[in-house]
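Residues per chain, in single letters:
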Amino acid sequence: SNNTGEGDPAGMTSDAIIDVVESNKHLRKLDIVGNRISNQHIERLCYAVYNHPLVELDLSKCFEPDIGDKMLTALLTSGALMLEKLEMSSNNITSAVSTLLADFLATNPMLKELDLGNNYLNDSDASLIANALRSNSTLRYLILRGNNNITEVGVESLRLALCDESSLNSVAD
């Protein structure tokens, strides 16, 4: 059994995944759902993401508690993220990264789809994200389902931001 935290016994190790990305200069989409990625591989994986033409990255179910927050932080702070689609569902992501995430979304990055479903976000996080969406005209899909700490209060914050005609500057495009 593989108990090193480097990978799922049925999947590839983190090193093997990163080697594939680094050796394929034309790779546009990487889907490694369920392959456990350890803390020690975050920096190398981020480097691979930033130095290759990836536009879609699915890291769902890849991170243990705390490591999901560290990976999202590293992705959002390592430079100009060129991804159009980022899936980070079921990664134990918490409020610890919500301010950073909101600040990132407010800069109107290239990101068109963001899946943060089944994590540990709450009403306060939803409010921060909602405020960021007021200045974002590129994000088209935001998935927050399964964040059981987002109640009607958080949903209302998001609804107000998304239904505010003054913040929907991209609708006229």
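Residues numbered from 1 in each chain as written. Predicted model: local features only at pLDDT ≥ 70, side-chain atom pairs only at ≥ 80, totals over all residues. Heavy atoms only, no water.

**Q** How would you sum up the confidence of the model for the chain? Please name residues and give values.
**A** Residue-level pLDDT values for the chain average 88, and 88% of them are 70 or greater. Low pLDDT, under 50, characterises residues 1-9; the stretch is placed with 18 contacts to residues that sit more than four places away or in other chains. Contacts for the low-pLDDT stretch residues 168-173, under 50 throughout, to residues beyond four places or in other chains number 4 contacts. (pLDDT = per-residue confidence, 0-100. Contact = heavy atoms within 4.5 Å.)

**Q** Can you explain the environment of threonine 77? Please cite residues and give values.
**A** You can see threonine 77 is positioned in helix H3 (residues 67-77). Given the relative accessible area of 48%, threonine 77 is considered partly exposed. With 24 residues separating them along the chain, threonine 77 and leucine 101 place their C-alpha atoms 9.8 Å apart. Within the structure, threonine 77 has its side chain in polar contact with the backbone oxygen of threonine 73 (distance 2.7 Å). (Helix = DSSP H or I, 4+ residues; strand = E, 2+ residues; numbered from the N terminus. Buried < 20%, exposed > 50% of the residue type's maximum accessible area, 1.4 Å probe, protein only. Polar contact = N/O pair within 3.5 Å; in protein donor to acceptor, adjacent residues only side chain to side chain.)

**Q** Give a description of the nonpolar core that names residues and reports values.
**A** Core analysis: the largest hydrophobic core is formed by 47 residues, its most contacted members being Leu59, Met71, Leu75, Leu86, Met88, Leu105 and Leu116. At the level of elements, helix H1 (14-23), helix H2 (42-50), H3, helix H4 (98-106), helix H5 (123-133) and helix H6 (152-163) are the ones that each hand at least two residues to this core. Ranked by residues supplied to this core, first place goes to H3 with 6 residues. Dropping the residues within four chain positions of it, leucine 116 is found in contact with Leu72, Met88, Ser89, Ile93, Leu101, Leu121, Ile143, Leu144 and Asn147. (Core = buried A, V, L, I, M, F, W, Y, C linked by side-chain atoms within 4.5 Å.)

**Q** Can you break down the pattern of salt bridges residue by residue, with the values?
**A** Scanning the model with the defined rule gives 9 salt bridges in all. Close ionic contact of arginine 36 with glutamate 64 constitutes a salt bridge, the shortest N to O distance being 3.1 Å. In this pair, arginine 36 sits in the loop between strand S1 (29-31) and H2 while glutamate 64 sits in the loop between strand S2 (56-58) and H3, placing the two residues 28 residues apart along the sequence. Among the residues examined, arginine 36 registers a relative accessible area of 29% and is labelled partly exposed. (Salt bridge = Lys/Arg side-chain N within 4 Å of Asp/Glu carboxyl O.)

**Q** If you had to explain the packing of H5 against H6 to someone new, which residues and values would you point to?
**A** Each pair of packed helices can be described by the angle between their axes along with the distance between the axes. Across the interface, H5 lies against H6 with an axial gap of 8 Å and an inter-helix angle of 5°. If you check the angle between H5 and H6, you find them roughly parallel. Seen from H5, the contacting residues are Asp123, Ala126, Ser127, Ile129, Ala130 and Leu133; seen from H6, they are Val153, Gly154, Ser157, Leu158, Ala161 and Leu162. Here the residues of the contact of H5 with H6 sort into 8 nonpolar, 3 polar and 1 charged. (Axes fitted to C-alpha atoms, helices over the stretch in contact; angles between N-to-C directions. Parallel < 35°, antiparallel > 145°, perpendicular 65-115°, else oblique. Nonpolar A, V, L, I, M, F, W, Y, C, P; charged D, E, K, R; others polar.)

**Q** An account of the side chain of aspartate 115 is needed here, citing residue identities and associated values.
**A** Topologically, aspartate 115 is positioned in strand S4 (residues 113-115). Within the buried set, aspartate 115 has no salt-bridge partner at all; the shortest N-O distance to an opposite charge, 4.3 Å, is to arginine 145. Aside from chain neighbours lying at most four places away, what touches aspartate 115 is Leu86, Glu87, Met88, Ser89, Ile143 and Arg145. (Lys, Arg positive; Asp, Glu negative; His and termini not counted.)

**Q** Kindly report on the sheet that holds strand S5 (residues 141-143), identifying the contributing residues and their values.
**A** What links the strands of a sheet is backbone hydrogen bonding, and the strands pair in either a parallel or an antiparallel sense. Read across the open sheet, the 5 strands follow the order S1-S2-S3-S4-S5; overall the sheet is parallel. Across the chains shown, the open sheet's two edge strands, defined by having one partner strand only, are S1 and S5. Put simply, the sheet's adjacent strands are angled 5° from each other on average, direction ignored. As paired strands, S4 and S5 are joined by 3 bridges and run parallel to one another. Following the sheet pairing, glutamate 113 is matched in S5 by tyrosine 141. (Pairing = 2+ DSSP bridges.)

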